[in-house]
Amino acid sequence: AALALYVKEQLKSRSGIQKLRPAELERFLVVVVAFVVTLFANMQALHHSNVDSVICARMTAPLVLSFLDYVCLGRELPSKRSLFALVGVIVSSSSFLSNSYHDATALVWISVWYCGLLFESIYVKFAVTVSELTTVGQSFYQNIMSIGPFLGIAWATGELTYFRHTSFFQVK
């Protein structure tokens, strides 16, 4: 994605990718760390649990995020009608979760992912609001700065060895 954005911007006469200033770099380092941790925790939650459990946990996020938006970003709370709908979603998803078995490892990864999801959602809204970068610039820097951490995780967890055994990298 980062390469595609870079090439697209180079072909235009006026580039939307500005130079990254130190204050922006600090904010986007936090965005990248939150993004990488959240995505890795999501993969681990799916590995140790099931898709249904992750989806049910994800269904509760809008209610929690609406409260965090209010507290952290000064946004409005949902209307009574919206709040009623969000609570209904939580009740239906919690009934599923209460009837399914999860071991401690799955619960830990779901919790790490959920906390990362909430933090990333709120922090990215803050970083985007105060950023002087264009949307293209924000996307470019988040993607390009994420490559190193993702490769590090892939190497540390042994995931890179799987690439050697895929037909994509084998010449026939």
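Above this text sits the structure in question.
First, a word on what this report is: a plain description of the structure on this page. All of these numbers come straight from a predicted model, not from anything done at the bench. (Residues numbered from 1 in each chain as written. Predicted model: local features only at pLDDT ≥ 70, side-chain atom pairs only at ≥ 80, totals over all residues. Heavy atoms only, no water.)

Observations concerning the pattern of salt bridges
Inference 1: Evaluation of the coordinates by the stated rule reveals 3 salt bridges.
Inference 2: Between glutamate 24 and arginine 27 there is a salt bridge whose closest N-O contact spans 3.2 Å. Placement of the pair is glutamate 24 and arginine 27 together in helix α2 (residues 22–48), with a separation of 3 residues, close to one helical turn. In this structure, glutamate 24 and arginine 27 share a single accessibility class: buried.
Inference 3: Note that lysine 125 and aspartate 69 form a salt bridge whose closest N and O atoms lie 2.8 Å from each other. Pair noted here: lysine 125 is in helix α6 (residues 104–130) and aspartate 69 is in helix α4 (residues 61–73), with a separation of 56 residues, a long-range link.
Inference 4: Taking the relative accessible area as the measure of exposure, lysine 125 reaches 26% and is therefore partly exposed.
Inference 5: On the basis of relative accessibility, which here comes to 10%, the residue aspartate 69 falls in the buried class. (Salt bridge = Lys/Arg side-chain N within 4 Å of Asp/Glu carboxyl O. Helix = DSSP H or I, 4+ residues; strand = E, 2+ residues; numbered from the N terminus. Buried < 20%, exposed > 50% of the residue type's maximum accessible area, 1.4 Å probe, protein only.)

A few points about the side chain of serine 146
Inference 1: Mapping serine 146 onto the fold places it in helix α7 (residues 135–156).
Inference 2: Dropping the residues within four chain positions of it, serine 146 is found in contact with Val32, Phe35 and Val36. (Contact = heavy atoms within 4.5 Å.)

A closer look at the nonpolar core
Inference 1: If you look at the biggest cluster of nonpolar residues, it comprises 12 residues: Ala41, Ala45, Val54, Ala57, Ala61, Leu65, Ile110, Trp113, Tyr114, Leu117, Leu118 and Ile122.
Inference 2: At the level of secondary structure, the elements contributing two or more residues to this core comprise α2, α3 (51–59), α4 and α6.
Inference 3: For this core, the leading source of residues is α6, giving 6 residues.
Inference 4: Residues contacting leucine 118, with those up to four places away along its chain left out, are Ala61, Val64, Leu65 and Leu68.
Inference 5: With 11 residues, the next largest nonpolar core counts Phe28, Val31, Val36 and Tyr123 among its residues. (Core = buried A, V, L, I, M, F, W, Y, C linked by side-chain atoms within 4.5 Å.)

Geometric descriptors of this kind do not, in isolation, establish any biological role.
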